[in-house]
Structure formats: C-alpha cells, structure tokens
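What the coordinates show
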Amino acid sequence: MKKKIAVLPGDGIGPEVTEQAIKVLDAVADRYDHYFEYCYCQVGATAIDSCGNPLPDETLDACLHGDAVLFGAIGHPKYDNDPSAPVRPEQGLLKLRKSLGLFANIRPVATYEKLLHLSPLREERVKGTDLVIYRELTGGIYFGAKGRNETKTEAYDHCNYADYEIERIARLAFEHAMTRRRKVTLVDKANVLETSRLWRERVTQMAKEYPEIEFDCMFVDNAAMQLIQYPTQFDVMLTENMFGDILSDEASVLPGSMGLLPSASVGQKTALFEPIHGSYPQAAGKDIANPMAAILSGAMLLDHFGLHKEANAVRTSVTKILEAGIGTPELHPQIACGCTQIGDLIALAVYDENLNLKKAKIEERVSTII
Ligand code: IPM
Ligand code: MN
C-alpha cells in the first residue's frame with residue numbers, strides 16, 4: 001500500500017516523539033511491504049516564529065492532500081502566560097480541525113497490567129479499565145460566537161449544536177460500541193443546558209436503532225466523579241466538545257502516564273492522529289519524553305488505512321516493551337530508556353516478533369544502561 005502522510009511535529013517534545021512514530025511506521029512499511037511518503041510541515045508556535053501564522057497555507061494544503069495527518073504537539077509557555085496574545089499556537093490546531101471537518105475525536109483509555117501501580121487510583125479500582133471517549137470536536141462552545149461588550153466588562157462564548165452535528169458523531173460512537181462491549185454513555189448537562197437537551201433527545205432516539213447496546217445518560221459532574229470511582233463501568237463515552245476535553249484529560253491519567261495515550265480525529269476530510277499529551281516544553285530536547293502515545297497514534301493511523309494486522313503489531317510491540325520492564329523515566333521502569341531508545345526498541349520489535357529484548361538491547365547497543 002502506498003500512502004502520503006502529512007507530518008506536523010509542532011512544538012516542544014512534538015518533534016522528538018513524532019520522529020519515533022515515523023521510525024516505527026517505517027519498520028511497518030519495511031516488514032509488510034508498504035510505502036509511506038512523508039510531507040513535513042510547520043504548525044503551532046514554531047510556525048508563528050517562522051512566518052507569523054500557526055497554520056500556514058502550505059501546511060493546510062499538505063494536510064488536505066495527504067491520506068492522513070500525523071500531529072506532534074503544540075504550545076509554548078510564552079503564550080500560556082499571555083492568554084490574550086492575538087496569535088496563539090492553539091489557533092493552528094483549532095483551524096486545522098475545522099478545515100478538515102474533524103468532528104470526532106476518539107480517545108481510547110486502556111490500562112497496562114505492568115503499570116497499574118502508577119495509576120493515581122488504587123490498583124483494584126483501575127484494573128480492567130478499557131474505555132473510549134468520543135468527543136465532538138468542531139462545534140459547541142469552542143466554535144460559537146465569542147466576544148465582549150463595548151466596555152469590555154462582560155464576555156460571552158456561545159454554545160451551539162445542530163442536530164446533524166450530534167447525529168454524525170453519535171453514529172460513529174454506536175458503531176464502535178457494536179465492536180466492543182456494547183455500552184454507550186452519553187455525558188451531558190441536560191438538567192441545565194438546552195444544547196444538552198438536544199443531545200439527549202437525538203442520541204436517545206438513535207439508541208433505539210441499536211437494541212443490542214446498553215445505553216445510558218449521565219450528567220457531566222457525576223461522570224467526572226464516576227470516572228475516578230468506577231472507571232471500569234464505561235465502554236464508549238459520548239460527549240460534546242468541552243466536556244470531552246475535560247473528561248478525556250481526567251481519564252488520561254488513569255493508566256499511570258499521559259505519555260501512553262493516542263488519539264484519532266476523524267470526519268469529513270483527512271483524518272488526524274496525535275498523542276493526547278501536550279508539548280511539555282520543559283522536557284523538549286532532553287530525550288526523556290515518552291514516545292509511546294505518538295507511536296500508538298501511528299497504530300490508529302494504520303487502522304484507519306485498514307492495516308489492522310500492522311496496527312496490532314505496533315500495539316503488541318509497545319506492550320512487550322512495557323512488560324519487559326522497559327520505559328521512559330516517568331514510568332519508573334526497571335530499565336529506563338530515552339525517547340529515541342524506546343523508538344528503536346519498538347521498531348525492532350515490529351521487525352522481529354521473536355525479539356529477545358534484553359539481548360537486542362545489548363547487541364544493538366540501543367541502551368547504555370545494561
Ligand atoms: C486538546 C487540547 C486542545 C483543546 C487545545 C490545545 C486547543 O487541549 O486537544 O484537548 O482544548 O481541544
Ligand atoms: Mn485538552
């Protein structure tokens with residue numbers, strides 16, 4: 001298979017984790033006889049620095065013409081400390097989502113046996129957690145009218161949803177649930193918000209088309225609580241843009257490190273794949289960032305191409321590395337490796353499923369630790 005991938009490494013640790021994801025995609029291409037062509041483009045603070053625009057036209061063009069987008073991370077402290085900066089890295093990502101029509105952000109959250117002790121929750125609570133969040137990504141309060149009154153003493157952000165915006169993501173969530181444990185939880189605030197009442201009305205109606213699916217609705221405040229009390233109760237969580245932003249960050253710490261979680265954004269045009277973590281500028285260039293989230297985003301990209309065997313090979317390799325007690329420093333592993341070494345090892349494991357990790361590490365000199 002031949003595919004063109006637009007690569008947007010972005011800011012902070014974005015470039016280094018993306019490099020590892022590419023390394024692993026190249027291993028997949030070699031082993032399974034595919035050809036991936038990469039088109040590198042600028043986005044975020046890096047793009048602002050070089051041309052004043054967080055999403056340059058060439059970048060958007062490459063994304064529109066690619067078969068997929070692999071995204072690193074964006075953000076820089078100089079903008080975080082100034083929320084009113086007229087040009088911000090986040091604008092690049094928001095415009096990209098809107099321009100590609102990426103209405104569904106899919107964030108799977110699964111735990112790894114070996115890492116349960118790292119979870120902020122007690123092991124017995126978190127064990128078995130395996131959920132996926134479907135977050136609406138191009139509507140709601142993020143994209144509604146916003147502004148100030150004349151004296152700048154009042155501000156507003158409008159939250160709008162049209163029925164079709166709800167139905168198209170709900171359809172994806174129900175279809176995905178059919179391939180999983182067949183449970184969908186709609187998270188809303190229908191006791192207060194009119195948009196939430198529309199969500200509830202439409203999604204409840206659609207649920208009737210899926211009698212095999214257990215469907216329930218939960219208020220967002222309760223869901224935030226239930227997510228840390230009984231995370232195993234959830235299978236597919238479906239929600240609007242801002243609730244999804246918050247809940248997916250909450251859910252992302254359950255497995256013990258944010259550095260493990262990938263995401264896919266799909267919709268009308270080219271799909272985009274990105275780790276859910278941010279640009280982590282403090283770690284940039286130090287070779288300590290965990291590239292697994294980026295690598296697993298690469299696996300979701302392979303799934304999107306229909307390359308499921310290949311995607312599973314990547315996931316199996318990541319699990320194998322973790323099971324062998326190998327990881328980046330934040331995982332407090334038995335064998336700590338840098339970002340690059342983890343990328344090397346996962347790529348090697350993709351090449352050779354019988355790879356003896358200890359041996360490979362010594363022979364390939366991918367680690368100076370053992
Ligand atoms: C995310 C991020 C973005 C969002 C920011 C960077 C605009 O937090 O992808 O979750 O809020 O959607
Ligand atoms: Mn977020």
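For the structure itself, look to the data block above.
Residues numbered from 1 in each chain as written. Chains lettered and ligands numbered in written order. Predicted model: local features only at pLDDT ≥ 70, side-chain atom pairs only at ≥ 80, totals over all residues. Heavy atoms only, no water.

A few words on the sheet that holds strand 8 (residues 183-188). One open sheet accounts for 10 strands, arranged 2-1-3-12-11-4-5-10-8-9; its pairing is mixed. Of all the strands in the sheet, just strand 2 (35-40) and strand 9 (214-219) have a single pairing partner and so form its edges. Each adjacent strand pair in this sheet contributes to an overall mean axis angle of 25°, direction not counted. As paired elements, strand 1 (residues 2-10) and strand 3 (residues 68-73) share 5 bridges and run parallel to each other. Paired with I5 across the strands is A68, a residue of strand 3. (Pairing = 2+ DSSP bridges. Helix = DSSP H or I, 4+ residues; strand = E, 2+ residues; numbered from the N terminus. Axes fitted to C-alpha atoms, helices over the stretch in contact; angles between N-to-C directions.)

What follows is about the pattern of salt bridges. Tallied over the full model, the rule gives 22 salt bridges. In this structure, E90 and R88 form a salt bridge, with 3.4 Å as the shortest nitrogen-oxygen distance. On the basis of relative accessibility, which here comes to 29%, the residue E90 falls in the partly exposed class. Residue R88 is classed as buried on the basis of its relative accessible area, which comes to 15%. Across the salt bridge formed by D157 and K146, the nearest N and O atoms sit 3.4 Å from each other. With D157 in strand 7 (residues 155-157) and K146 in strand 6 (residues 146-148), the pair connects residues that are 11 residues apart, well separated along the chain. The partly exposed category is assigned to D157, whose relative accessible area is 44%. Take K146: its relative accessible area is 47%, and that puts it in the partly exposed class. By sharing partners, the salt bridges in this structure join D130, R180, R181 and D235 into a single network. (Salt bridge = Lys/Arg side-chain N within 4 Å of Asp/Glu carboxyl O. Buried < 20%, exposed > 50% of the residue type's maximum accessible area, 1.4 Å probe, protein only.)

As for its placement among the helices and strands, S248 is situated in helix 10 (residues 241-252). Take S248: its relative accessible area is 3%, and that puts it in the buried class. In this structure the side chain of S248 is engaged in a polar contact, spanning 3.3 Å, whose partner is the backbone oxygen of D245. Residues within four places of S248 in sequence aside, it is in contact with R107, I133 and I276. (Polar contact = N/O pair within 3.5 Å; in protein donor to acceptor, adjacent residues only side chain to side chain. Contact = heavy atoms within 4.5 Å.)

Attention shifts here to the side chain of E136. Inspection of the secondary structure puts E136 in strand 5 (residues 130-136). No salt bridge is formed by the buried E136; its nearest oppositely charged neighbour, R168, is found at 4.4 Å. In this structure the side chain of E136 is engaged in a polar contact, spanning 3.2 Å, whose partner is the backbone nitrogen of T138. Among the polar contacts made by the side chain of E136, one reaches the main-chain amide nitrogen of G139 at a distance of 2.8 Å. If we ignore the near neighbours within four places in the chain, the residues touching E136 are F103, Y161, E165, R168, I169, W199, T239, E240 and N241. (Lys, Arg positive; Asp, Glu negative; His and termini not counted.)

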